[in-house]
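A structural walkthrough
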Amino acid sequence: MAGHDDRYVEITTRLRSMRSFCDFLSQGGTVRVALSDGGPYKDVTAILLERNRQEAEALARTRRQLYPDLADEDVTPPLYSRH
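A few points on the structure.

Criteria and thresholds
Residues numbered from 1 in each chain as written. Predicted model: local features only at pLDDT ≥ 70, side-chain atom pairs only at ≥ 80, totals over all residues. Heavy atoms only, no water. Helix = DSSP H or I, 4+ residues; strand = E, 2+ residues; numbered from the N terminus. Expected span 1.5 Å × (residues − 1). Buried < 20%, exposed > 50% of the residue type's maximum accessible area, 1.4 Å probe, protein only. Arc of directions from axis to C-beta. Phe/Tyr/Trp six-rings, centres within 6.5 Å; stacked < 30°, edge-to-face > 60°. Core = buried A, V, L, I, M, F, W, Y, C linked by side-chain atoms within 4.5 Å. Contact = heavy atoms within 4.5 Å.

1. A few points about the environment of Tyr-67
- Tracing the sequence through the fold places Tyr-67 in the segment after helix H2 (45–66).
- When the C-alpha positions of Tyr-67 and Arg-7 are compared, they lie 9.9 Å apart, and in sequence the two are 60 residues distant.

See below:
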């Protein structure tokens, strides 16, 4: 059962990370990339936001399919400990 728990924690951690990134972008964060060294920067924020939202939705569906007996955030022990 430990492997079962570890995989659930891994998926949940990835999902939380994706959602946090989407929140950052939704609140005004931007991502710009240059296609070549010294080239102009292109804003790819909208593209990354949509892609990450879709990936997060797919990952959430997968988690629900693999672990229907667990609540969406039912992780014991908690993913992060306070230091």
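2. Looking at H2
- For H2, with 22 residues, the first-to-last C-alpha span of 31 Å sits near the 32 Å given by 1.5 Å per residue.
- Residues Thr-45, Leu-48, Leu-49, Asn-52, Ala-56, Leu-59, Ala-60 and Arg-63 constitute the buried set of H2. The buried residues of H2 all sit within an arc of 105° when viewed along its axis, so they share a single face. Among the exposed residues of H2, those oriented more than 90 degrees off its buried face are Ala-46 and Gln-65.

3. Observations regarding the packing of aromatic side chains
- For the structure shown, the criterion picks out 2 aromatic pairs.
- Seen from their ring centres, Tyr-8 and Tyr-67 are 5.2 Å apart, and the 85° between their planes marks the pair as edge-to-face. Residue Tyr-8 is found in helix H1 (residues 2–26), and its partner Tyr-67 is found in the segment after H2; the two are separated by 59 residues along the sequence.
- A ring pair is formed by Phe-21 and Phe-24, whose centres lie 6.4 Å apart and whose planes are at 25°; its orientation type is stacked. In this pair, Phe-21 and Phe-24 both sit in helix H1, 3 residues apart, roughly one turn of the helix.
- Judged by its relative accessible area of 45%, Phe-24 falls in the partly exposed class.

4. Description of the nonpolar core
- Counting 8 residues, the largest nonpolar core is built from Tyr-8, Ile-11, Leu-15, Met-18, Ala-56, Leu-59, Ala-60 and Tyr-67.
- Those elements giving two or more residues to this core turn out to be H1 and H2.
- With 4 residues, H1 is the largest single contributor of residues to this core.
- Apart from residues lying up to four places away in sequence, Ala-60 is in contact with Leu-15 and Arg-19.
- Of all hydrophobic cores here, the second largest spans 6 residues; its members include Leu-25, Val-31, Leu-48 and Leu-49.

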